[in-house]
Amino acid sequence: MTKLTASLAVLVVLLIAGCDTESAATTTTTSAAVTSLPPVTTTSTTTTTTTTTTTLPPTYDLAVAVVGPDGVGLPDATVSVGEEQATSGSDGTVEFTGIDPAPIEVSRFGWMPTSVDWTGNEDTVRVTVEPRIVRGLRVSSYVAAEPEQFAGLLELAAASTVNTLVFDTKDESSWVLYESSSQFAADIGTVNPMYDPKELIAMAKDQGLYTITRIVTFEDDRWVKARPEHKLAGRWIDPTIVEGWEYPLQLAVEACEIGFDEIQFDYVRFPAGRTATFAQAKKPLSEEERVAAISAFLTEARSRLHPIGCALSADIFAIVLSSPNDQGIGQRPEDVSAIVDAVSPMIYPSHYSDGWLGFPSPNDHPGPVVANALDDGIPRMGVGTAMRPWLQAFYYNGSQVLAEINEAEERGVGWILWNAGGNYGESWLPPAEE
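Residues numbered from 1 in each chain as written. Predicted model: local features only at pLDDT ≥ 70, side-chain atom pairs only at ≥ 80, totals over all residues. Heavy atoms only, no water.

**Examining helix H9 (residues 287-305)**
Inference 1: The end-to-end C-alpha distance of H9, which contains 19 residues, comes to 27 Å, matching closely the 27 Å that a straight helix rising 1.5 Å per residue would cover.
Inference 2: Buried residues of H9: Arg290, Val291, Ala293, Ile294, Ser295, Phe297, Leu298, Ala301 and Leu305, and no others.
Inference 3: Residues of H9 that are buried make contact with helix H7 (246-258), strand S16 (262-266), helix H8 (273-282), strand S17 (311-317) and helix H10 (333-337). (Helix = DSSP H or I, 4+ residues; strand = E, 2+ residues; numbered from the N terminus. Expected span 1.5 Å × (residues − 1). Buried < 20%, exposed > 50% of the residue type's maximum accessible area, 1.4 Å probe, protein only. Contact = heavy atoms within 4.5 Å.)

So this is what it looks like as structure tokens:
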């Protein structure tokens, strides 16, 4: 055999080996395979010929559908697969092209984070996430300021189903209750430190508790006195003055950076009652103008809080759950819930006028009032937004408070108890599950 013939024989063998290598690589991929990762290259050499064989690692296309327990797609969920990340659309879906197999991580404000293994064998994966069900107690500034009382509240949470504490960082007194760096608060003299939020947040999280802070927004006696140009009527700031938004928004961002999981705006509305009459006389506004002002504020809050990792919630008057209009305050369930992660109507039977919800005296029927209000309001919530009512924990005994809680639990929604002094009885609460 001549040298030329021998070399040609070797070349044929090498080419056949190369074809087998390509074929073997191909049989390990699925129909969704894409080749976009850097290739793996091997080289063999004879005295006369060099042959290079390239094997491309398989990558895959993937469609993820993020849904709630009811099967409805959830928009605005963050879906991560390895180093790739995308946000689900209005139908809850998101698509990836040419990615490596890795666990699918799904997160959404107001929902529990979820992880699903993905090896590349499926090109469509449906991920069901569970809502975050908050069972909370409000921590008054007086309780937050007293270590023994706060320790007692932590013990109560541990002995019950309570999984959340709601602190005040700015309350109805207009005081900012911690060492804030807000220049506006310093200028108008509203910083009045009563507790160290970082310390109490750490204690709560050591016990596995979710933390929310409440910020009283547009009712502020000290603010209207210091900045009368922002005043609407009485103690109320004009929500249509965008410049005035900066104060509560700065406090919200600061609270998030301190470590709270969620920022809840209270009094995020126009005034009611007699003050509303003066407000309307000073600045006549239509319902749509009022609703637009509140919605715009909350939208701005979301744009600042979501990127830095905090959920957003808002307190609303419970009567708007059962009303076709905004009741003059700029809050409609459909509009508020389209923006925030959770809506907290204040379902206090003592605050309903006689005859509301079909009861001559609503205060005498705590459980049924909560049930009727929730039944009116739940269908009006935006997709993916939690209904989480404040429940009355004052003037009532333990069985009455528990009756309210049971109605919320029966409907699969969370709840927060309101007691101005932060005094709660263990008998008021469902016991911890063993």
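**Digging into the packing of H7 against H9**
Inference 1: Relative to each other, H7 and H9 sit at 30 degrees, their axes nearing to 10 Å. Comparing the axis directions of H7 and H9 gives the class roughly parallel. Here H7 and H9 pass one another in a crossing that is right-handed. Between H7 and H9, the contacting residues are Glu246, Pro248, Leu249, Ala252, Val253 and Cys256 on the first element and Phe297, Glu300, Ala301, Arg304 and Leu305 on the second. (Axes fitted to C-alpha atoms, helices over the stretch in contact; angles between N-to-C directions. Parallel < 35°, antiparallel > 145°, perpendicular 65-115°, else oblique. Left-handed = near helix turned anticlockwise from the far one by under 90°.)

**Brief notes about the state of the cysteines**
Inference 1: What the rule picks out here adds up to one disulfide.
Inference 2: In this model Cys256 forms its disulfide with Cys310; the gap between the sulfur atoms is 2.2 Å. Because the torsion about its S-S bond is 105 degrees, the bridge between Cys256 and Cys310 counts as right-handed. A residue pair is termed long-range when its members are at least 10 positions apart, and Cys256 in helix H7 and Cys310 in the loop between H9 and S17 qualify at 54 residues.
Inference 3: Cys256 gets classed as buried once you look at its relative accessible area, which sits at 8%. (Disulfide = S-S within 2.5 Å.)

**Digging into the nonpolar core**
Inference 1: Of all hydrophobic cores here, the largest spans 89 residues; its most connected members are Leu165, Ile263, Phe265, Leu298 and Leu417.
Inference 2: If you tally residues by element for this core, the top one is H7, at seven residues.
Inference 3: Not counting residues within four places of it along the chain, the set of residues in contact with Ile263 comprises Thr213, Ile215, Ala252, Ala255, Cys256, Leu305, Cys310, Ala311, Leu312 and Ser313.
Inference 4: Counting residues in hydrophobic clusters, the runner-up holds 19 residues, among them Val64, Val81, Val94 and Phe96. (Core = buried A, V, L, I, M, F, W, Y, C linked by side-chain atoms within 4.5 Å.)

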